[in-house]
Amino acid sequence: MHTRTNKTIQALTLAVSLGVVATSAQAASVSYTGSTGIVDIAPSSLELQQFDASLGTLTGISIDWDLGFSGNFVVMVFDNSQAGTASAEDSFVVSSAFSTSAPAGVAGPSLSTSVGDAFDVEVPETYAQIYSGSTDDSQSYGALGAFIGDGMVSYDFFGVASATSTVSNGLFSGIFEHRYQVDAEITYTYSPVPLPAAAWLFGSALIGLIGVARRRQS
């Protein structure tokens, strides 16, 4: 009977040890989102929640970025000598670029892109071509101090939009009502702090089974 009890105690002790190790070694993650909202071409800010060190040890960071933009490309003919070119097909390209102010030691996302379309020239006319585009970027880091704390990580975006067109003689062209929105999702991967409750649970079970074994022995 003593041998059986000892084996039971040894098995449960091992279970407690394995349970505590598994609890402390299991990887976990938490994610937060941020957005500039829809803004005109002007400075804007986006904030992302820092990692709470009380959760455990930070092991990795990944950030997914998304940019969407739209506006109007306007072509206005003011030279009637262009009459007769109605069948000519021309095109325009709008480039949307950003410079980013990021935390120290962190690179800003690459979100520059361009979009274009074709249109027919007919004099005299004013053409308003609606355009839209999008792009994305992903970044990954190890455990960076700039992302650890109980505050926010701030990014400042400075948008620049420009347009080019194959039509120039006698025409005025430009972009109007250009708007954009930057969205981001940050994911922190970490090793959690061991949970004492798990050890207490295994310990309680161990004590209970020891009591049962002793009653059977007596």
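Residues numbered from 1 in each chain as written. Predicted model: local features only at pLDDT ≥ 70, side-chain atom pairs only at ≥ 80, totals over all residues. Heavy atoms only, no water.

A.B. asks: Honestly, the packing of aromatic side chains in this entry has me stumped. Any pointers?
C.D. replies: For any pair of aromatic rings, the description rests on two quantities: the centre-to-centre distance and the angle between the ring planes. The tally for this structure, following the rule as stated, stands at seven aromatic pairs. An aromatic cluster is defined as three or more aromatic residues linked by ring pairs; in this entry it consists of Tyr32, Phe51, Tyr188 and Tyr190. (Phe/Tyr/Trp six-rings, centres within 6.5 Å; stacked < 30°, edge-to-face > 60°.)

A.B. asks: Can you walk me through a negative patch on the surface in this structure?
C.D. replies: There is a patch of like negative charges on the surface, built from Asp64, Asp66, Asp136 and Glu185. Along the chain, Asp136 falls in strand E7 (residues 126–141). Owing to a relative accessible area of 51%, Asp136 belongs among the exposed residues under this scheme. (Patch = residues over 30% accessible without salt bridge, like charges linked within 9 Å, V, L, I, M, F, W, Y side chains within 5 Å. Areas by Shrake-Rupley, 256 points an atom, 1.4 Å probe, with all protein chains shown as cover. Salt bridge = Lys/Arg side-chain N within 4 Å of Asp/Glu carboxyl O. Lys, Arg positive; Asp, Glu negative; His and termini not counted. Charge placed at Lys NZ, Arg CZ, Asp CG, Glu CD. Helix = DSSP H or I, 4+ residues; strand = E, 2+ residues; numbered from the N terminus. Buried < 20%, exposed > 50% of the residue type's maximum accessible area, 1.4 Å probe, protein only.)

A.B. asks: How do you make sense of the environment of Phe69 when you look at a structure like this?
C.D. replies: Inspection of the secondary structure puts Phe69 in strand E4 (residues 56–77). Classification of Phe69 by relative accessible area gives buried; the value is 4%. Placed 44 residues apart in sequence, Phe69 and Thr113 show a C-alpha to C-alpha distance of 9.9 Å. Residue contacts for Phe69: discarding those within four places in its chain leaves Ser96, Thr113, Val115, Tyr131, Ser132, Gly133, Ser134, His178, Arg179 and Tyr180. (Contact = heavy atoms within 4.5 Å.)

A.B. asks: Looking at this structure, I do not really get the side chain of His178. What am I missing?
C.D. replies: Structurally, His178 can be placed in strand E9 (residues 171–192). Within the structure, His178 has its side chain in polar contact with the side chain of Tyr131 (distance 2.6 Å). Setting aside chain neighbours within four positions, we find His178 in contact with Val39, Asp40, Ile41, Phe69, Ser70, Gly71, Val94, Ser96, Tyr131 and Ala161. (Polar contact = N/O pair within 3.5 Å; in protein donor to acceptor, adjacent residues only side chain to side chain.)

A.B. asks: So what exactly am I meant to see when it comes to the nonpolar core here?
C.D. replies: With 30 residues, the main nonpolar core has Ile61, Ile63, Trp65, Phe147, Tyr155, Phe157 and Val182 as its most contacted residues. Put simply, the parts of the chain that give this core at least two residues each are strand E3 (44–49), E4, strand E5 (89–101), E7, strand E8 (152–165) and E9. Broken down by element, this core gets its largest block of residues, eight residues, from E4. (Core = buried A, V, L, I, M, F, W, Y, C linked by side-chain atoms within 4.5 Å.)

A.B. asks: Looking at this structure, I do not really get the pattern of salt bridges. What am I missing?
C.D. replies: Once the charged atoms of two side chains with opposite charge are near each other, the side chains can pair. As enumerated under the stated definition, the model contains one salt bridge in all. Among the ionic pairs, Asp40 bridges to Arg179, the shortest N-O distance being 3.4 Å. In this pair, Asp40 is assigned in strand E2 (residues 39–40) and Arg179 in strand E9, connecting sequence segments 139 residues apart. Among the residues examined, Arg179 registers a relative accessible area of 37% and is labelled partly exposed.

A.B. asks: How should the environment of Thr33 be read in this particular structure?
C.D. replies: On the secondary structure map, Thr33 appears in strand E1 (residues 28–35). On a C-alpha basis, the gap between Thr33 and Ile63 in space is 9.5 Å, while along the polypeptide they are 30 residues apart. With near-sequence residues (within four places) excluded, Thr33 lies in contact with Glu47, Leu48, Ala184 and Glu185.

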